[in-house]
Structure formats: structure tokens, C-alpha cells
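# Examination of the molecular architecture
Listed below, chain by chain, are the residues.
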Amino acid sequence: MKKNKEKKVNFLTPFLDGVQGKLPSYMADFFWTALGKDNVELGLKINKAGFNFIYPIEFCPTPRRENVIFFGPDSILLLFRRALISREQFFFIKMLSLVRFVQYQIIYKILDRNVPIITVGQDDAKDFTSRGFRKVFYLRHPVEPASKVRNKILKKDHLVIGISGSLGKFNKFYCGKWYRHLTLALSKKDFSKTIQFSLLGSQYSELATALRNLGYTVYQDDWVDNYDDFIQSIDIYMSLLAVGAGTKNRVLAANAAGLRVIGTPFALENVECNGNLCVSKPQELEWMIEKVCYLKNPFLSTDDHHSFVTLHDREACLKEAKEVLKKCGL
């Protein structure tokens, strides 16, 4: 063990510097710290002499067992299987997902079943285990501290609901039919005197148009240099995902800033926050929005926010990560 610790850890990943949807810079720093910053070097090829920490699995699915640790953080097979069985997914997306599911089955089959795999999703870990992998570890996702914890409504007469994030292939993969269901719910009852929307990303232009046609005020930006600026400009965050896996960074960011999240089960999974509002069926959307409109305080309670931050605290997760890495042989 002593000898192994003296070897450099080769961190293999093509995704650094906060590339959207990939590895945020604070997560890169988290793993550098867990692995030991003085003991880490970045690489793009397997180092046969030292340990190799690989993110994601698909970047370098080597069949080697010795000195290799994979960080998922999701099971891609779980993601595409969920797309295949989702009632809220479009048929052509299901067909594309079937092709991808078969492709990744082939990729995962070349992996040694004794190679360590770390994931930030409990169902992802179960999925890997069900496929015969013997060293699978679930690690709670750490949260990046917010610059400010929100507890006051921006506008006295309106709540601002924020929506952001990638929609995936054809701007439909992750959300499926959910934003169609949202506009339908808003067309049945007029909430425009109580809520407004703030959308981040050019992919939401179709949704922005639909909401404006229903009489809602919609703010839209294609891009912000600092995502925290967007979080600080809204009162409630909404994440309606038809499919997903692992832990959603944007849900974590909203909760860290003291915001409630209206989300589907896939959006909220692995996030330990009692104040979030789960929408399991499209029919519940109208009722949930009405409930939000009558909340005296839309923000997380002090107790709920404290509990969330404690469970996802960086130092607590870092301690857990170091224990997991020990079990992986580091």
C-alpha cells in the first residue's frame, strides 16, 4: 500500500474548466484534493506504472483491472434505458436511445468486472452492480457554496421561475414532452399576475415564445458568464426532466442558494433537500404551480437549507471520497 501511494495518480479526462454538462471546475478541484494534489498529474493516455483515475468511463474504457479507477458519474446504460421506457419521451428519441443503449452495452462489456467504479447516483450504482460489477461505490455529490443565500422575493408582486440546462439531442432528449405539458397547464389557468419566467439558453427560445403567447413575462439570455448571477435573479428553480441519471448540478446550485426546486423524480434524485417539490405526473403541474403561488415564503426554510448543506458539504463529501478511494486501492 505504501508503495502504491508513492505512484503518481494519472487523472484522465477531456473535460475541465467548467465545460457545460461535463466536469465543473469545482468538481475537478474536489477530486484533485481527494486524490492528493501533489500526487496528481493530468493525462490523456493510460499510465501503466501508476494509478489511473478516469472520467468518464466512455473516455477510456480500458479492459485493464490493475491501477484503474472509473468515475462514472452516471450509468449511461441506465440513462438510455430510462429514455426507452419513459412515457414522456418522443418515439424518435426512444429509437435513437435504443441504438445508443446497444453501443454502450458493447463498451461496458469490455470492462473487467472487478474494476472500481465510483458514481454519484444510487440507482446508477445499483445498475452497475446488476451488470456484474463487483466494486461499485456511491458517493454523495458535493455542493459548491452559493455567493448568497436567497430569502427575499425579487419583485413584490411576482415570483420569478428559472429554467436552465441542456435539453440534449434535438433539444428534446432530457425534457421529452414535459415543457409541452407545462404550457398546456399554464393555458388552463392564468397565473401571469403571480409568476414570471427567466430562461437561460438559446435552446429555450421555443418555450419562451409559447409562454409569451400565453401572456407571461419571459426574460431570456443565451448565456451568462457567471451562472450564480442567474441563480440570484430568480425565486424558484424548475427542472422538468423526462430522463436523467446521477445528480443534477443545477438542482444542487439552486438549493445551495436557498431556492426550492420544482422537479420531476429524475431531476431531484440523489439531492437531499426536504423543501423541493416533486412533480411525478404532467397532471400535477397545474396544482403544483398554484401551490407555489400561494406560498408565503417560496424559499427553503433555515432548517431545510442547513440540512441540505450539511449533507452535501464539501468537507463531509471529501472525507467520504477519501474513504472510497482507499477501498479502491489508493
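Per chain, residue numbering runs from 1 following the sequence as it is written. Side-chain atom pairs in this predicted model are given and counted only at pLDDT of 80 or more, local residue features only at pLDDT of at least 70, and totals for whole chains, interfaces and linings cover all residues. Heavy atoms throughout the structure, all of them, feed into the side-chain values; hydrogens and water do not.

### Here's the deal with helix H9 (residues 249-256)
Buried residues are those whose accessible area, probed at 1.4 Å on protein chains only, stays under 20% of the maximum for their type, while exposed residues exceed 50% and partly exposed ones sit between those limits. By the criteria applied, helices consist of DSSP H or I runs no shorter than four residues and strands consist of E runs no shorter than two, each listed in order from the N terminus. Turning to H9, its buried residues number three or more, namely Val-251, Leu-252, Ala-254, Asn-255 and Ala-256. Contacts: residue pairs with any heavy atoms within 4.5 Å of one another. In this structure, the buried side of H9 is in contact with helix H8 (227-231), strand S10 (236-239), strand S11 (260-263), helix H10 (265-268) and helix H12 (302-311). Looking one or two places after H9, you find Gly-258, whose phi comes out positive at around 90°.

### A word on the environment of Thr-217
Tracing the backbone through its elements, the reader meets Thr-217 in the loop between helix H7 (205-213) and strand S9 (218-221). Using a relative accessible area of 37% as the deciding quantity, one classes Thr-217 as partly exposed. Taking the C-alpha atoms as reference points, Thr-217 and Ser-192, 25 residues apart in sequence, are found 7.4 Å from one another. Setting aside chain neighbours within four positions, we find Thr-217 in contact with Gln-196 and Phe-197.

### Some points on the sheet that holds S9
Paired strands, as defined in this entry, are two strands with at least two bridges between them according to DSSP. With respect to topology, 6 strands assemble into an open sheet ordered S9-S8-S7-S10-S11-S12, the strand pairing being parallel. The two strands at the open ends of the sheet, each matched to only one other strand, are S9 and strand S12 (277-278). H7 rests against strand S7 (159-163), strand S8 (195-200) and S9 of the sheet, and its axis sits at about 165° to S9. Comment: axis = line fitted to C-alpha atoms, over the contacting stretch for helices; angle = value between 0 and 180 degrees taken between N-to-C directions.

### Brief notes about the environment of Ile-153
Structurally, Ile-153 can be placed in the loop between strand S6 (136-138) and S7. Overall, Ile-153 belongs to the partly exposed group, its relative accessible area being 34%. C-alpha of Ile-153 to C-alpha of Ile-234: the two residues are 81 residues apart in sequence and 8.4 Å apart in space. Excluding anything up to four places from it in sequence, Ile-153 contacts His-158, Leu-159, Asp-235, Pro-298 and Phe-299.

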